[in-house]
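Here is what each chain is made of, one letter per residue.
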Amino acid sequence: AQSVAQPEDQVNVAEGNPLTVKCTYSVSGNPYLFWYVQYPNRGLQFLLKYITGDNLVKGSYGFEAEFNKSQTSFHLKKPSALVSDSALYFCAVLTESGGSYIPTFGRGTSLIVHP
Amino acid sequence: DAGVIQSPRHEVTEMGQEVTLRCKPISGHDYLFWYRQTMMRGLELLIYFNNNVPIDDSGMPEDRFSAKMPNASFSTLKIQPSEPRDSAVYFCASRPKGLGYGYTFGSGTRLTVV
């Protein structure tokens, strides 16, 4: 079965420092991977995706993610964190269901950026 | 586009009552999804529709839960009778046809069953 794991429940980083939110995946076949962000009292927002092509994917709000096939990882990164980046981040992998591909989400990682 | 619109934003009801959650997807999106989010279980897919047809409802927890999509612009999730363990945030999401599209989520309905 397709799945993703987010090994950290929480990540703390100081404003201005680089941040990494980790995600590893387990799939049979080609992985289709996504990152979403959830701000308090809001629904999830799409950040970026990897379907095929370059291993470094750039997304919204200055975030990027690196697809690493040998390590089966898709870590989310940003060179310089902002306090406003504090939110819940979800990694997802597309899973076949009923003839369509739908995302299976990780448990989420809470990112806290300290001023 | 106003995005995915859910109503109500908050619902407090007594155990045993019927609860109906509503969703208006983005116009032109072929897929509609209902998710439930709790601290214990994270995000759970309850059911999804393709062109108004329910495709996979294996995530619906019990017969007390039902979902309909009578047309392309409206869907409901009903719980009857409601129980305290149904308390959660329920999200509706939609997306166009195609593998690479991200989902657009609504702001959710926070349900509290007392």
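Conventions and cut-offs
Residues numbered from 1 in each chain as written. Chains lettered and ligands numbered in written order. Predicted model: local features only at pLDDT ≥ 70, side-chain atom pairs only at ≥ 80, totals over all residues. Heavy atoms only, no water. Helix = DSSP H or I, 4+ residues; strand = E, 2+ residues; numbered from the N terminus. Rg over C-alpha atoms; globule rule 2.2 N^0.38 Å. Buried < 20%, exposed > 50% of the residue type's maximum accessible area, 1.4 Å probe, protein only. Contact = heavy atoms within 4.5 Å. Areas by Shrake-Rupley, 256 points an atom, 1.4 Å probe, with all protein chains shown as cover. Lys, Arg positive; Asp, Glu negative; His and termini not counted. Charge placed at Lys NZ, Arg CZ, Asp CG, Glu CD. Core = buried A, V, L, I, M, F, W, Y, C linked by side-chain atoms within 4.5 Å. Buried area = accessible area lost by both parts, 1.4 Å probe. Salt bridge = Lys/Arg side-chain N within 4 Å of Asp/Glu carboxyl O. Polar contact = N/O pair within 3.5 Å; in protein donor to acceptor, adjacent residues only side chain to side chain. Pairing = 2+ DSSP bridges. Phe/Tyr/Trp six-rings, centres within 6.5 Å; stacked < 30°, edge-to-face > 60°.

So, about the overall build of chain A. Counting its secondary structure elements, chain A contains 0 helices and 12 strands. Relative to a compact globule of 115 residues, whose C-alpha radius of gyration would be 13 Å, chain A shows 14 Å and is just as compact. Across its three principal directions, the C-alpha atoms of chain A cover 45 × 30 × 25 Å. Every one of the 115 residues in chain A was classed for burial, and the buried ones make up 45%. Sequence-distant contacts, at least 24 apart, represent 54% of the contacts inside chain A between residues at least 6 apart. Of the roughly 5,500 Å² that chain A leaves accessible, carbon and sulfur atoms contribute 49%. Of the side-chain charges in chain A, 8 are positive and 8 negative, and the distance between the mean point of each set is 2 Å.

Ranked by internal contacts, the top residues of the largest apolar core, which has 26 residues, are Trp35(A), Leu47(A), Leu48(A), Phe74(A), Leu76(A) and Tyr89(A). Contributions of two or more residues to this core are made by β2 (10-14), β3 (19-21), β5 (33-38), β6 (44-50), β8 (64-68), β9 (73-78), β10 (87-97) and β12 (109-114) of chain A. Counting residues per element, this core draws most heavily on β10(A), at 4 residues. Beyond its immediate chain neighbours, meaning those up to four positions away, Tyr89(A) contacts Gln6(A), Val21(A), Trp35(A), Tyr36(A), Val37(A), Leu47(A), Phe63(A), Leu76(A), Gly108(A), Thr109(A) and Leu111(A). With 21 residues, the next largest nonpolar core counts Val19(B), Ile26(B), Leu32(B) and Phe49(B) among its residues.

This paragraph deals with the interface of chain B and chain A. Between chain B and chain A, the contact holds 26 residues from the first and 22 residues from the second. A per-residue breakdown of the area chain B buries against chain A is headed by Leu43(B), Leu99(B) and Tyr103(B), which together make up 30% of the total. For the interface between chain B and chain A, the tally reads 0 salt bridges. One can count 6 residue pairs in polar contact (both at pLDDT 80 or more) joining chain B with chain A. Mapped by element, the contributors of at least two residues to the side of chain B that touches chain A are β4 (31-38), β5 (42-50), β6 (53-56) and β9 (88-95) of chain B. If one sorts the elements of the side of chain B that touches chain A by residue count, β5(B) sits on top with 5 residues.

Residues and elements named next belong to chain B. Buried residues dominate β5, accounting for 8 of its 9 residues. With 8 bridges connecting them, β4 and β5 associate as antiparallel partners. Across the sheet, the residue bridging to Phe33 is Tyr48, located in β5. With antiparallel pairing between neighbouring strands as the criterion, β4 and β5 make up a hairpin whose turn holds 3 residues. In the sheet, β5 pairs with β6 via 3 bridges, with the strands oriented antiparallel. Within β6, the residue paired with Asn50 across the bridge is Val53.

Another aspect to go through is the packing of aromatic side chains. Using the criterion set out here, one finds 21 aromatic pairs over all chains in the structure. For the pair Phe33(B) and Tyr48(B), a centre-to-centre distance of 5.3 Å together with 20 degrees between the ring planes defines the contact as stacked. Here Phe33(B), found in strand β4, pairs with Tyr48(B), found in strand β5; they are 15 residues apart in sequence, far enough to count as distant. Judged by relative accessible area, which is 0%, Phe33(B) ranks as buried. According to the relative accessible area criterion, Tyr48(B) is buried, its value standing at 0%. These aromatic residues form a ring-pair network of at least three members: Phe34(A), Tyr36(A), Phe46(A), Phe90(A), Phe105(A), Tyr31(B), Phe33(B), Tyr35(B), Tyr48(B), Phe91(B), Tyr103(B) and Phe105(B).

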